[in-house]
Amino acid sequence: MSEKANSQYSLSSPNEASLLNPKAESKLRRKLDLLIDQPFSPYSARILPIVTLTYTFIFLDRSNIGNAKSAGLEQDIGLHTYDFNLGTCLFYITYLVCEVPCALLVKRFGFWLVPVSVFCFGIVTVATAFIHNRAGFYATRIMLGLAESFAMPGISYLLTRYYRRHELTSRVGCFMLIAAGSAGAFGGLLAAGLLRRGKIGNRSSWENIFLVEGIITMGFGLLSFPFFPTDPERTRMLNEEERKLAVARIYADQPQISDTKESMNRKLIKRGAFNVTTMACTWLYIVDNCSVQGLGIFLPSILKVNYPTASAIRIQILVVPIYITAAVIALLATIGCIKTRTHFPFVLFAGACTITGYSIWLATDSSFAKARYAACFLNMTGGFTGGPVVLGWAAANSSPDTVRAMVGAVVTGFGGIGSIAGVWAYVQTDAATGYHSGNAFNLSMSSSLIFVCLGLFAYQWYENQRRDNGHRNYRLERGGVDQYVLSFFRAFGL
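Residues numbered from 1 in each chain as written. Predicted model: local features only at pLDDT ≥ 70, side-chain atom pairs only at ≥ 80, totals over all residues. Heavy atoms only, no water.

### Re the overall build of the protein
Across its full length, the protein carries 20 helices and zero strands. Within the protein, the proportion of its 494 residues that are buried is 61%. Taking all contacts inside the protein whose residues are at least 6 apart in sequence as the whole, residues at least 24 apart take part in 81%. (Helix = DSSP H or I, 4+ residues; strand = E, 2+ residues; numbered from the N terminus. Buried < 20%, exposed > 50% of the residue type's maximum accessible area, 1.4 Å probe, protein only. Contact = heavy atoms within 4.5 Å.)

### Side note on the packing of helix H8 (residues 165-197) against helix H15 (residues 369-395)
H15 packs onto H8 with a crossing angle of 150° between their chain directions and a minimal axis gap of 8 Å. Classified by the angle their axes make, H8 and H15 are roughly antiparallel. In this structure, H8 meets H15 at a crossing whose hand is right-handed. Taking contact as the criterion, the partners of Leu 168, Thr 169, Val 172, Gly 173, Met 176, Leu 177, Ala 180 and Gly 181 in H8 are, on H15, Phe 384, Gly 387, Pro 388, Val 389, Leu 391, Gly 392, Trp 393 and Ala 395. For the contact of H8 with H15, the residue count by class is 11 nonpolar, five polar and no charged. (Axes fitted to C-alpha atoms, helices over the stretch in contact; angles between N-to-C directions. Parallel < 35°, antiparallel > 145°, perpendicular 65-115°, else oblique. Left-handed = near helix turned anticlockwise from the far one by under 90°. Nonpolar A, V, L, I, M, F, W, Y, C, P; charged D, E, K, R; others polar.)

### Focus on the confidence of the model for the protein
Of the residues in the protein, 83% have a pLDDT of 70 or more, and the chain-wide mean is 79. The lowest-confidence element of the protein is helix H20 (residues 483-492), averaging 38 in pLDDT; the highest-confidence one is helix H5 (residues 113-128), averaging 94. This model gives residues 1-18 a pLDDT under 50, and the stretch forms 61 contacts once residues within four places in sequence are excluded. Predicted confidence for residues 478-494 stays below pLDDT 50, and this span has 38 contacts to residues more than four positions away or in other chains. (pLDDT = per-residue confidence, 0-100.)

### Some thoughts on the packing of aromatic side chains
In the structure shown here, the tally under the stated rule is 18 aromatic pairs. A network of ring pairs unites the aromatic residues Phe 84, Phe 137, Tyr 138, Phe 298, Tyr 426 and Tyr 435 as a single cluster. We note Lys 69 situated over the ring of Phe 84; from NZ or CZ to the ring centre the distance is 5.4 Å. Over the ring of Phe 91 we find Arg 141, and its NZ or CZ is 5.5 Å from the ring centre. (Phe/Tyr/Trp six-rings, centres within 6.5 Å; stacked < 30°, edge-to-face > 60°. Lys NZ or Arg CZ within 6 Å of the ring centre and 35° of its normal.)

### Regarding the nonpolar core
Ranked by size, the top nonpolar core spans 127 residues in total, and within it Tyr 55, Leu 73, Phe 175 and Phe 384 carry the most contacts. Broken down by element, this core gets its largest block of residues, 14 residues, from helix H12 (residues 276-306). Apart from the residues within four sequence positions on either side, Phe 384 is in contact with Phe 59, Leu 177, Ala 180, Gly 181, Asp 288, Val 292, Tyr 323, Ala 326, Ala 327 and Ala 330. Core analysis: the next-biggest nonpolar cluster, separate from the first, contains six residues, Val 100, Ala 103, Leu 104 and Val 410 among them. (Core = buried A, V, L, I, M, F, W, Y, C linked by side-chain atoms within 4.5 Å.)

### Here we look at the pattern of salt bridges
Tallying each qualifying case throughout the model produces 11 salt bridges. Two residues, Asp 83 and Arg 134, come together in a salt bridge whose shortest N-O distance is 3.3 Å. Of the two residues, Asp 83 is situated in helix H4 (residues 83-109) and Arg 134 in helix H6 (residues 134-148); the sequence distance between them amounts to 51 residues. Accessibility expressed as a relative area gives 8% for Asp 83, which makes it buried. Overall, Arg 134 belongs to the partly exposed group, its relative accessible area being 34%. Each of Arg 161, Asp 231, Glu 233 and Arg 234 takes part in salt bridges that share partners, so that together they form one network. (Salt bridge = Lys/Arg side-chain N within 4 Å of Asp/Glu carboxyl O.)

### Describing the packing of helix H2 (residues 47-70) against H8
Running from N to C, H2 and H8 point in directions that differ by 40°, and their axes come no closer than 7 Å. Here H8 runs oblique to H2, going by the angle between their axes. Crossing geometry of H2 relative to H8 is assigned as right-handed.

Below, the structure is given as structure tokens:
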């Protein structure tokens, strides 16, 4: 449970406690984090680079709809007032419904489903370049939601198989923020270039955005298939000694388990979905998605309201520094989580950024264009910071393996409720007011984040005190664990 951690306890597998040598762990982490030793061999793919690239394409193929909207998609395919919001909403509904079962399929059949997912949503993105009416728009958004449902829970689960509790948040932050920042910035620049390019074959304007980005995504999905990692017990990217160390690290964080990958059962699935930390983090993720997904889709449209005379190309370029700044600041926040072994102050920081940003939009009118542009930086920074910190907070407090798989799927899956709300926060009929209703909604949601974050911290602090005083020992004694394991549990607040 929670914000406590103590590096002096390094229990490994039941009979291999001596394996956890700090220097060996540090060397293994570097190998997992970086592409070294024959980087182009299919057996030397590293965890962090491959998941970062994968999430880059996930975010790129989600946010390109906003670039296409500002380039005239609605008018060209004859969408009515709320059709764009409805189609975008269908993506998130499909994603929400499918993500938990897809996460269980990844656990059951393996991580190879993730690159297959990438290839499939690349196909859907290419298909979007050829839509010509509302039905096609709806169909491609539904198919994109289904195709993406394997990727994010699969990535989150993969990280928990290789990294320890106190290492997770910075890695989650790294892959989410570098990827989202790169995709947002690159997507804006690429969209600007493609809009300037004119025709590609018989496609033009916003069609080029989907065509080119979809082809790139399909290519990455195919190329990453032989590189994508599998479980630490079987991976060929590690030698025998490194595999033993990777397995020992799993036992170190979960000393109550007898197998690193137990069989799924209803009890563990229920425990992963229905506990205080998971439910609180799910709400925090919902709030975060209201902001970051709403901005991810509608930021070009919001900037168009702020700069009504700007060209479509200039609007795409104005998006770029917002993403880069938000990604850098948020990445520093996730590193701070690891240095301090705490999460709640950084969630509060995210809430403070979004509250300030949306307040600026509500308190100003169209004559304060620079202040409103600055507010977009605050809003995106708050959104980018909250996502990985909340996901890391949830993952660091989940055990054993099935629970970890469920927690990532539940938090990100039901967090899609926030994405749906974010889509409907910004409707075309509200554009004349500077999206006053949408900003007011996000301001109120950000305020709720503060209360839930403080409530979760108070709950975990109380539970840690109870466990330190021995009031939860019966839960462990039933399982017959020894006193050494018991002390480990108390040290980590588990």
